[in-house]
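# Coordinate inspection notes
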Amino acid sequence: MSIVLTGIKPTGDLHIGNYLGAIEPALKSAVDQNSYFFIADLHALNKEKDPQKIHQYTLSIAAAWLASGLDPQKIVFYRQSDIPQVSELTTLLSAVTQKSLMNKAHAYKAARDENLQKKRDPDAGINMGLYTYPVLMAADILLLQTNLVPVGQDQVQHVEITQDIAQNFNRTYSQPVFTIPQYFIQPDLATVPGIDGRKMSKSYNNTIPLFTTPDIWEKVVKKIVTDSDISNPKNSSLFLIYKAVAPESQSQNLLSDLENKRIGWKEAKDRLLEAIITRFGDMSRDYFNWLKSPQKIEAIFAQGKEKVIPLAQKTLASAQKACGLS
Ligand code: ADP
Ligand code: TRP
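None of the values given here were measured: they were computed from a predicted structure. (Residues numbered from 1 in each chain as written. Chains lettered and ligands numbered in written order. Predicted model: local features only at pLDDT ≥ 70, side-chain atom pairs only at ≥ 80, totals over all residues. Heavy atoms only, no water.)

As a further point, take the packing of helix 12 (residues 248-259) against helix 13 (residues 265-292). How two helices pack is summed up by the angle between their axes together with the distance between the axes. Packing of helix 12 against helix 13 brings their axes to within 10 Å, and their N-to-C directions diverge by 170 degrees. Of the possible angle classes, the one that applies to helix 12 and helix 13 is roughly antiparallel. Residues Asn253, Leu254, Asp257 and Leu258 of helix 12 pack against Trp265, Ala268 and Arg271 of helix 13. When the residues that make up the contact of helix 12 with helix 13 are grouped by side-chain class, the tally is four nonpolar, one polar and two charged. (Axes fitted to C-alpha atoms, helices over the stretch in contact; angles between N-to-C directions. Helix = DSSP H or I, 4+ residues; strand = E, 2+ residues; numbered from the N terminus. Parallel < 35°, antiparallel > 145°, perpendicular 65-115°, else oblique. Contact = heavy atoms within 4.5 Å. Nonpolar A, V, L, I, M, F, W, Y, C, P; charged D, E, K, R; others polar.)

Written out as C-alpha cells, the structure reads:
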C-alpha cells in the first residue's frame, strides 16, 4: 500500500473554500491508504513569532481536521515538532542540496521580488527558515519513505525539489536510501467564490467562516453581493456558493426557481443559510468541543508520535549510515 503524507500549516481561521477545496478532498483521498497527516508547526515558526499563537493555531487546526472527519484510528495524525528526526534529517539533506535550488523556490522568490519592487534590500525580512523551507519539507516527506503527496498547485514545486534532493542523496552515497515521492493533484476542484464574487480567500476579506454560529453565518450570507438584474443567476456568486455547499438536486431546484422568477435573492439567501447550517453546523459544534478539550488533542498527537518515531528512526539511521555517521 502506498504511503501518503500531507503537512498542514497551522494558520488562522478557516473558511468554507478551504474545507471544500482542501480538507474534504484530502480526507477522501486518504481513505484506504497508509496515510500520515501532520501539523507543520516548525514551518510556522518562520512567520509567527508569538509562542502563544503557535500553540493556539496548532490546537485549532488539529481541532478543525478532527471535526472535519479525520479519524486518528485510520490516519496517523501527528505534530511535526514531536519528531526530532525531522530536524536531524534536515541537516543531512542540507549537505547535498545546492543553494541554487533554494534560490528558485517560489516562497523565497516571491518575498525577494516584493523587496525589489519596493526598492528594499532584496533579502530584507527574509529569514533562513523561509529560504531553506523546501529542505525541511523534503525531510518531512522523505523521512517516512512517502510515495504520494496530495497537494494544491502551489506546492508542486516543493515536491519536485524533494525529488531532486532525494535523488542527489541517493546518488551521492550510491544507495537507494530514499523513496522518490510523487505529487498528486486532485482533478476538477471548483474554486468557491467569496461574498464579493472574487475567489474566496482570507487575503480578500470575503470569506464565509467554516466554524462559527448560525447568527454569524446569517450576517455573512446577507452581505453576499447580488446583481439587481436577476436574469443570469447561474453565474452569481450566491448560486455558485450554494452549488458548492448543497446537494446537486437542491442546487438544480434553486437555479430553476431563480431562473423562473419563483423566488428572489432574499429567499435564495435563506436557502443558502439553511444549506450552510445543514452542512457545517454539527461540524462547528464538534470543533468548539475539541477546542474545549486540548488534552484530547494532545493524546492524539502522543499516539501519532508513537507510531511515527520508529519509522522515522529507521530512515534516519539508514541515512546516517549511508553518509558515514554511524
Ligand atoms: P486563502 O486563499 O484563504 O489564503 P490558502 O491559500 O491558505 O487560502 O489555501 C489553503 C487551501 O485551501 C489550498 O489548498 C487552497 O487550494 C484551498 N482553497 C483556498 N481558497 C479556496 C477557494 N476559494 N476555493 C477552493 N479551494 C480553496
Ligand atoms: N508547505 C505546505 C503548505 O504550505 C505544508 C507542508 C509542510 C507539507 N510539509 C509538507 C505538505 C509535506 C505536504 C508534505 O501548505
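Remark: the centre distance and the inter-plane angle together describe each pair of aromatic rings, the angle taken between the planes. Applying the stated criterion across every chain yields a total of nine aromatic pairs. An aromatic cluster is defined as three or more aromatic residues linked by ring pairs; in this entry it consists of Phe169, Tyr173 and Phe178. Of note, Arg198 hangs over the ring of Tyr204, and the distance from its end group to the ring centre comes to 4.2 Å. (Phe/Tyr/Trp six-rings, centres within 6.5 Å; stacked < 30°, edge-to-face > 60°. Lys NZ or Arg CZ within 6 Å of the ring centre and 35° of its normal.)

Another point: the site of ligand 2. Taken together, Leu5, Gly7, Lys9, Phe38, His43, Tyr133, Met137, Asp140, Ile141, Val149 and Gln155 form the complete shell of residues around ligand 2. At a separation of 3.5 Å, an oxygen atom of ligand 2 approaches a polar side-chain atom of Lys9. A distance of 2.5 Å separates a nitrogen atom of ligand 2 from a polar side-chain atom of Tyr133. Computed on the free molecule, ligand 2 has an accessible area of 370 Å², of which 92% lies beneath the protein chains in the complex. Sorting the residues of the shell around ligand 2 by element identifies strand 1 (3-8) and helix 8 (133-143) as the ones contributing at least two each. In terms of residue count, the dominant contributor to the shell around ligand 2 is helix 8 (four residues). In terms of residue class, the shell around ligand 2 is made up of six nonpolar, three polar and two charged. (Near = heavy atom within 4 Å. Polar contact = N/O pair within 3.5 Å; in protein donor to acceptor, adjacent residues only side chain to side chain. Areas by Shrake-Rupley, 256 points an atom, 1.4 Å probe, with all protein chains shown as cover.)

Within this structure, the stated rule accounts for 14 salt bridges. Asp82 is paired through a salt bridge with Arg79; the nearest N and O atoms lie 3.1 Å apart. Each of the two residues, Asp82 as well as Arg79, counts as buried. A salt bridge links Asp270 to Lys266, with the shortest nitrogen-to-oxygen separation between them at 3.1 Å. In this pair, Asp270 and Lys266 both sit in helix 13, four residues apart, roughly one turn of the helix. In this structure Lys266 comes out as exposed when scored by relative accessible area, which is 62%. One salt-bridge network, in which partners are shared between bridges, spans Asp257, Arg262, Glu267 and Arg271. (Salt bridge = Lys/Arg side-chain N within 4 Å of Asp/Glu carboxyl O. Buried < 20%, exposed > 50% of the residue type's maximum accessible area, 1.4 Å probe, protein only.)

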